[in-house]
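# Commentary on secondary and tertiary structure
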Amino acid sequence: QVQLGESGGGLVQTGGSLRLSCAASGRTFSSYIMGWFRQAPGKEREFVAAMRWSADLTYYADSVKGRFTISRDNALNTVYLSMKSLMPEDTAVYYCANRLSPTFYFRDYSRYDYWGQGTQVTVSS
């Protein structure tokens, strides 16, 4: 079992920045990849970014590349999503997710094993 908890969401103006945190506990040592997804009202959950748990490999959706950065602190078992140049279209509930076994389809939310409760990010225009 892996438990995930997000924090750091909030209300920010266009062009602003936020850093989301995802604290992981449990069987994190056997994790393969950590991902960030987001879901806006009436839309499907979409991939934002992902990071291999034990390798310096990161992946981003085209819509956030250059603006968002995924990183981790192994000592704290925490994964971060640093977001800058935020736009109203970034408004969504942001979720972190964990998958234990290797997959090529890490951009597919259905491939993940564990999820956090989500944190709301609202970008005002």
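Read on for an overview of the structure. (Residues numbered from 1 in each chain as written. Predicted model: local features only at pLDDT ≥ 70, side-chain atom pairs only at ≥ 80, totals over all residues. Heavy atoms only, no water.)

The subject of this paragraph is the overall build of the protein chain. Across its full length, the protein chain holds zero helices and eleven strands. By the compact-globule yardstick of 14 Å for 125 residues, the protein chain fits well, its C-alpha radius of gyration being 13 Å. Referenced to the eigenvectors of the C-alpha coordinate spread, the extents of the protein chain come out at roughly 40 × 30 × 25 Å. Classification of the 125 residues of the protein chain by burial places 45% in the buried group. (Helix = DSSP H or I, 4+ residues; strand = E, 2+ residues; numbered from the N terminus. Rg over C-alpha atoms; globule rule 2.2 N^0.38 Å. Buried < 20%, exposed > 50% of the residue type's maximum accessible area, 1.4 Å probe, protein only.)

With that settled, the discussion passes to the environment of Leu76. By the secondary structure assignment, Leu76 is in the loop between strand S7 (68-73) and strand S8 (78-83). Separated by 51 residues in sequence, Leu76 and Ser25 have C-alpha atoms that sit 9.5 Å apart.

Counting buried positions over the seven residues of strand S5 (residues 46-52) gives six, a clear majority of the element. As defined by bridge partners, strand S4 (residues 33-39) adjoins S5 across six bridges and the pair is classed as antiparallel. Bridge pairing in S5 links Gly35 to Ala50. The turn linking S4 back onto S5 is made up of six residues, and Gly42 within it adopts a positive phi angle of 80°. Inspection of the sheet shows S5 paired to strand S6 (residues 58-60) by three bridges, in the antiparallel sense. Residue pairing across strands places Ala50 opposite Tyr59, the latter belonging to S6. (Pairing = 2+ DSSP bridges.)

What follows is about the pattern of salt bridges. Applying the stated criterion across every chain yields a total of six salt bridges. A salt bridge links Glu46 to Arg38, with the nearest nitrogen and oxygen atoms 2.6 Å apart. By relative accessible area, which is 36% here, Glu46 ends up partly exposed. According to the relative accessible area criterion, Arg38 is buried, its value standing at 5%. Of the charged contacts in the structure, one is a salt bridge between Arg38 and Asp90, with a shortest N-O distance of 2.9 Å. Residue Arg38 is found in strand S4, and its partner Asp90 is found in the loop between S8 and strand S9 (92-99); the two are separated by 52 residues along the sequence. Assigned by exposure class, Arg38 and Asp90 land together as buried. (Salt bridge = Lys/Arg side-chain N within 4 Å of Asp/Glu carboxyl O.)

Spatially, S1-S3-S8-S7 is the arrangement adopted by the four strands of the open sheet, whose pairing is antiparallel. Strand pairing shows two members of the sheet lacking a second neighbour, strand S1 (2-7) and S7, which therefore form its edges. Ignoring strand direction, the axes of neighbouring strands in this sheet form an average angle of 20°. (Axes fitted to C-alpha atoms, helices over the stretch in contact; angles between N-to-C directions.)

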